[in-house]
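What follows is the residue order along each chain.
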Amino acid sequence: MRFDPRLEQRIVKVLLWAMTVLTVAVLVFIVFFILRKGLPAVSLDFLTKNPVDMGKGGGIFSTVIGTIVLTALAILIATPLGVGTAIYLTEYTWENAVTRVIRFGAECLAGIPSIIFGLFGFILFVTKLGFGWSILSGGLTLAFMILPTIIRTSEEAIRSVPPAYRTVSFSLGGTKWQTVTRVVLPSAVPGIMTGIILSVGRSIGETAAVIFTAGSALRLPTSLFSSSRTMSVHFYILAREGISLSRAYGTAAVLIIAILAVNIATYYLMNKFIRKYS
Amino acid sequence: MPTDAVAIRVSRFSHFIGAEQTLRNLDLDVFRNEILGIIGPARSGKSTFLCALNRLNDLVRGSRVEGRIEIDGRNIYDPDVDVIELRRKLGTVFATPIPLPRSAFENVAFGPRMAGVRDRVRLDGIVRDSLEKGGLYDEVKDRLDTSALKLSGGQQQRLCLARILALKPEFILLDEPTSGLDPISTMKIEDSLRKLKRDYTIILVTNNTKQAARVADRTAFFLNGELIEIGPTAGIFTAPSDRRTDDYLRGRFG
Amino acid sequence: MNRLERKDRLVRLALLAVAFSAVSILAVITVFMFEQGTPIMFKYGLKNFLAGSDWYPSEKSFGLWPMIVGSIYVTFGAMVIGVPFGLACAIVLTEFSSKPVRRVIKPVIELLAGIPSVVYGFIGVVILVPFIRETFGGPGLSVLAASIILGIMILPTIISISVDSLQALPPAYREGSIALGATKWQTVRMALLPAARSGIIASIILGMGRAIGETMAVIMIAGNAVSVPGSILAPVRTLTSNIALEMGYAAGEHRQALFATGVILFLIIMVLNTMANLTSARRKRDRG
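Residues numbered from 1 in each chain as written. Chains lettered and ligands numbered in written order. Predicted model: local features only at pLDDT ≥ 70, side-chain atom pairs only at ≥ 80, totals over all residues.

## Some remarks on the overall build of chain B
Next, step 1: Across its full length, chain B holds 10 helices and 10 strands.
Next, step 2: Referenced to the eigenvectors of the C-alpha coordinate spread, the extents of chain B come out at roughly 55 × 45 × 35 Å.
Next, step 3: Residues classed as buried in chain B amount to 44% of the 254 residues present.
Next, step 4: Put simply, of all contacts in chain B between residues at least 6 apart along the chain, 69% involve residues at least 24 apart. (Helix = DSSP H or I, 4+ residues; strand = E, 2+ residues; numbered from the N terminus. Buried ≥ 20, exposed ≤ 12 C-beta atoms within 10 Å, placed from the backbone. Contact = placed C-beta atoms within 7 Å.)

Here is the structure:
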């Protein structure tokens, strides 16, 4: 019996669409569930007061600070390294064995799971270098985690600057460095920013790499060597130890909103980037 | 008025990209204050020749040269030549207008800024002067701060001309500058060139033979990386000595 | 030489040093991992380490077999859920939806990628685990729970790379097939999917890599029992959970055994990533 292809298509279409709708529904459900249960716990007090009694009471202020400081440190370290590498790969070399090795290294780094970064950070920064559980250890570890993303997006952004611009700069007596700083980078900035913001989003939600390097101290950090707890680590501990369900939901809600905001910012920047070149 | 003083002397000059030879044993002189037209079919080496003069070819992977090009008595391929200064001396205008994504003012000020000029008053003077010489000042004087991308094609090309004039070059190299422009813009640029040759030496590569006939004092015919013949424009067009030149001018190929 | 050109040379050297940072970091990580982890593997014998079923660190017994099986089961389960749904979404997004619909669904799926793994784990604990416990029995913390949550987590990876592969196919593939009288689905099944095969396979391999490397969500919902799971309702511990759960208090040889677990994980991921890169490279080569 020959199957009518149009009937087959109709069945398949329904099936595929059902699966897609289910997938989308699951995501939307997750977000709404967390927000519905978590937003009631979120208030100005929640955001500005420190945790009390191991998190059973109070707010999440010190963890918000921890997240901000850790992410900022990671970005501050990874951005010059990543953008510099991207500039070198695209502007200062022709494609050869060296560039392939560098790119291979970055690709490999990109695939390593965060727990291994956590392990590595623990061995190197916390133990061998003696930084202990600290913002410094955590920031360095996170920086290495986001480095491949920044390299990749910066390289793409730099490559999409029209070669003609560079020709103009050289023909007007510009050096390589002048061309890079006055022509290439200004045009590549939106794309580079996109990579940076994406990495911010990733750092905010990161737990495994952070908990073993920055520790989980609840106090407000006082120096680079203080241990500090981020929101995601706090959420994990609250949930796992069953300390306070309402505050766990609240922390999760804040996390999701922060990441949503970051995603929207990225989308907006990318559109601006695309519009500029079409 | 074109002089007899030799500004550029090209001696047995060849250029290679890897194994491929793009310019073959060129021997020619460029006289000061003349407009030298270079005609020839596609891929005849005309643009490569310009890029050999301003050493933009150096940026191409595998680029290699033999022979000499002397400008003001010095071989520009000597190892201790200041290439940056050379490129300021030989301003180049390309076939497609390439305004940088900034204001008209910033475009013209771009070269001088890179050379170290910071004083705003001085820059203002340079920009105005260059735009006037390029025949664009009147049209943009009220919108110097608007994006150069908003100008018309012809205006953009004249902006590119002003951009190189801002560096006070000795030579102006143009690579098919009006190939994408309307007749009026073309005419404006050709008029500017006639005025500019008083103070500059101009080399004009063009695939439009009529343009060479209109504007150039002497004309050179390139084919397959070779210089076939060179001489006063009138002579080349009415009585070329080489049969290939004659064929090209009559449109039998190219 | 021009003063500016001299500065240029210095800048070039500085950037070269910076660029090597990416490679050196990777080299340093690899060297460290192996330096810390391999001695103990050879002390107790590689066979005991990988195939031993007893993980009792206090008694110097370091058999990783239950965790290796655990990782395999959970990853396989994640693929069973993630691949069909992921491909379905990719096909719908590229072939069966209109531009406005696509512009809504695509960012929503990209958002999926941004949700932290601890949140996924939490949802699993609060909703999925009780559901499994009440409907199917067992403790709820199980291979099934981990597979479902991990499957959801790898969806964005599979979807975005598959979508890219499908969209990169020249329109001629579609037009030619339709011109021959095929329906859209026939076009997809017989022309597009085979043509995008390498990209799709690469996405699946990368999804696998993500699933194997996932830690936090798995810890929260998989039960973490050190035993080879007897069914999908049984609790399970993966290689990653093993590291994360015990690193906080491990010392001496115990700690070294955890580093060794990291080495094994690292090697598996390297192999997977290289395979994924080779498949994408073949895709690029085939299309010329």
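## Brief notes about the overall build of chain C
Next, step 1: Helices and strands together make up the secondary structure of chain C, namely 12 helices and two strands.
Next, step 2: The helix and strand sequence of chain C, counted from the amino end, reads α-α-β-β-α-α-α-α-α-α-α-α-α-α.
Next, step 3: Referenced to the eigenvectors of the C-alpha coordinate spread, the extents of chain C come out at roughly 75 × 70 × 30 Å.
Next, step 4: Within the span of chain C, comprising 288 residues, buried residues form 47% of the whole.

## A few points about the interface of chain A and chain C
Next, step 1: With 65 residues of chain A in contact, the opposing surface of chain C contributes 64 residues.
Next, step 2: The set of elements that each furnish at least two residues to the side of chain A that touches chain C consists of α1 (5-38), α3 (61-92), α4 (97-111), α5 (114-128), α6 (135-159), α8 (176-205), α10 (231-241) and α11 (245-276) of chain A.
Next, step 3: Here the side of chain A that touches chain C takes 17 residues from α1 of chain A, the largest share from any one element.
Next, step 4: Here the residues of the side of chain A that touches chain C are counted per class, giving 45 nonpolar, 14 polar and six charged. (Nonpolar A, V, L, I, M, F, W, Y, C, P; charged D, E, K, R; others polar.)

## Remarks on the nonpolar core
Next, step 1: By size, the foremost hydrophobic cluster in this structure holds 238 residues, and its most contacted members are Leu 204 of chain B together with Ala 145, Ile 149 and Ile 221 of chain C.
Next, step 2: No other element matches helix α6 (residues 143-167) of chain C, which puts 16 residues into this core.
Next, step 3: Taken domain by domain, the makeup of this core includes at least three residues from each of domain 1 (5-41) and domain 2 (44-276) of chain A.
Next, step 4: Beyond its immediate stretch of four places on either side in the chain, Ile 149 of chain C contacts Tyr 120, Gly 121, Gly 124, Leu 128, Ala 217 and Ile 221 of chain C. (Core = buried A, V, L, I, M, F, W, Y, C linked by C-beta atoms within 7 Å. Domains from an automatic or database assignment.)

## Observations regarding the sheet that holds strand β1 (residues 6-17) of chain B
Residues and elements named next belong to chain B.
Next, step 1: Spatially, the four strands line up as an open sheet ordered β2-β1-β4-β5, and their pairing is antiparallel. A strand with exactly one partner marks an edge of an open sheet, and here the two such strands are β2 (20-31) and β5 (74-75).
Next, step 2: As defined by bridge partners, β1 adjoins strand β4 (residues 63-71) across eight bridges and the pair is classed as antiparallel. By the bridge assignment for β4, Ile 17 is matched with Ser 63. (Pairing = 2+ DSSP bridges.)

## Quick word on the environment of Ile 72 of chain C
Next, step 1: In this fold, Ile 72 of chain C is placed in helix α3 (residues 65-95).
Next, step 2: Spatially, the C-alpha atoms of Ile 72 of chain C and Arg 189 of chain C are 29 Å apart, while their sequence positions differ by 117 residues.

## A look at the pairing of strand β9 (residues 218-223) of chain B
Two faces belong to every sheet, and in a regular strand the side chains alternate between them.
Residue and element names in this part refer to chain B.
Next, step 1: Taken across its six residues, β9 has six buried, putting it largely inside the fold.
Next, step 2: Neither face of β9 is exposed, since Arg 218, Ala 220 and Phe 222 on one face and Thr 219, Phe 221 and Leu 223 on the opposite face are all buried.
Next, step 3: Here four bridges tie strand β3 (residues 35-39) to β9, and the two strands are oriented parallel to one another. Paired with Ile 38 across the bridge in β9 is Ala 220.
Next, step 4: Pairing between β9 and strand β10 (residues 226-232): six bridges, direction antiparallel. Counted as the bridge partner of Arg 218 is Pro 232 from β10.

## Structural notes on the sheet that holds strand β6 (residues 90-93) of chain B
All names here are of chain B.
Next, step 1: Strand order across the open sheet formed by six strands is β6-β7-β8-β3-β9-β10, with mixed pairing between neighbours. The open sheet terminates on both sides in strands that have one partner only, identified here as β6 and β10. Between one strand axis and the next, the sheet turns by 15° as a mean value, whatever way the strands run.
Next, step 2: Lying over the sheet, helix α6 (residues 153-165) contacts β6 and β7 (171-175), oriented at roughly 170° with respect to β6. (Axes fitted to C-alpha atoms, helices over the stretch in contact; angles between N-to-C directions.)

## Points about the confidence of the model for chain C
Low pLDDT marks stretches whose predicted atomic positions should not be read closely.
Residue and element names in this part refer to chain C.
Next, step 1: Averaged over every residue, the pLDDT of chain C is 85; residues scoring 70 or more account for 97%.
Next, step 2: Per-element averaging of pLDDT across chain C places strand β2 (residues 61-62) at the bottom with 77 and helix α10 (residues 216-221) at the top with 92.
Next, step 3: Reported confidences for the modelled complex are a pTM of 0.84 and an ipTM of 0.91. (pLDDT = per-residue confidence, 0-100.)

## Let's talk about helix α8 (residues 184-195) of chain C
Next, step 1: Those residues of α8 of chain C that fall on the buried side of the exposure criterion are Trp 185, Thr 187, Val 188 and Leu 192 of chain C. Within α8 of chain C, the buried residues cover an arc of 130° as seen down the axis, which keeps them to one side. Exposed residues lying more than 90 degrees from the buried face of α8 of chain C are Met 190 and Pro 194 of chain C.
Next, step 2: Buried residues along α8 of chain C sit against α1 of chain A together with α3, α6 and α7 (171-179) of chain C. (Arc of directions from axis to C-beta.)

## Observations regarding the packing of α6 of chain A against α8 of chain A
All names here are of chain A.
Next, step 1: At a closest axis distance of 8 Å, the pairing of α6 and α8 adopts a crossing angle of 150°. What the angle tells us is that α6 and α8 run roughly antiparallel. Regarding α6 and α8, the two cross each other, and that crossing is right-handed. Facing α6, whose interface residues are Leu 142, Ile 146, Thr 149, Ile 150, Thr 153, Ser 154, Glu 156, Ala 157 and Ile 158, α8 presents Val 184, Ala 188, Gly 191, Ile 192, Thr 194, Gly 195, Ile 196, Leu 198, Ser 199, Arg 202 and Ser 203.
Next, step 2: Among the residues forming the contact of α6 with α8, the class breakdown is 10 nonpolar, eight polar and two charged. (Parallel < 35°, antiparallel > 145°, perpendicular 65-115°, else oblique. Left-handed = near helix turned anticlockwise from the far one by under 90°.)

## A few points about the environment of Tyr 248 of chain B
Residues and elements named next belong to chain B.
Next, step 1: Tracing the backbone shows Tyr 248 in helix α10 (residues 243-249).
Next, step 2: A tally of 22 C-beta atoms within 10 Å means that Tyr 248 is categorised as buried.
Next, step 3: When the C-alpha atoms of Tyr 248 and Phe 221 are compared, they prove to be 9.1 Å apart, with 27 residues separating the residues in sequence.

## Some points on the environment of Ile 237 of chain A
Next, step 1: Position of Ile 237 of chain A among the secondary structure elements: in helix α10.
Next, step 2: Taking the C-alpha atoms as reference points, Ile 237 of chain A and Leu 124 of chain A, 113 residues apart in sequence, are found 25 Å from one another.

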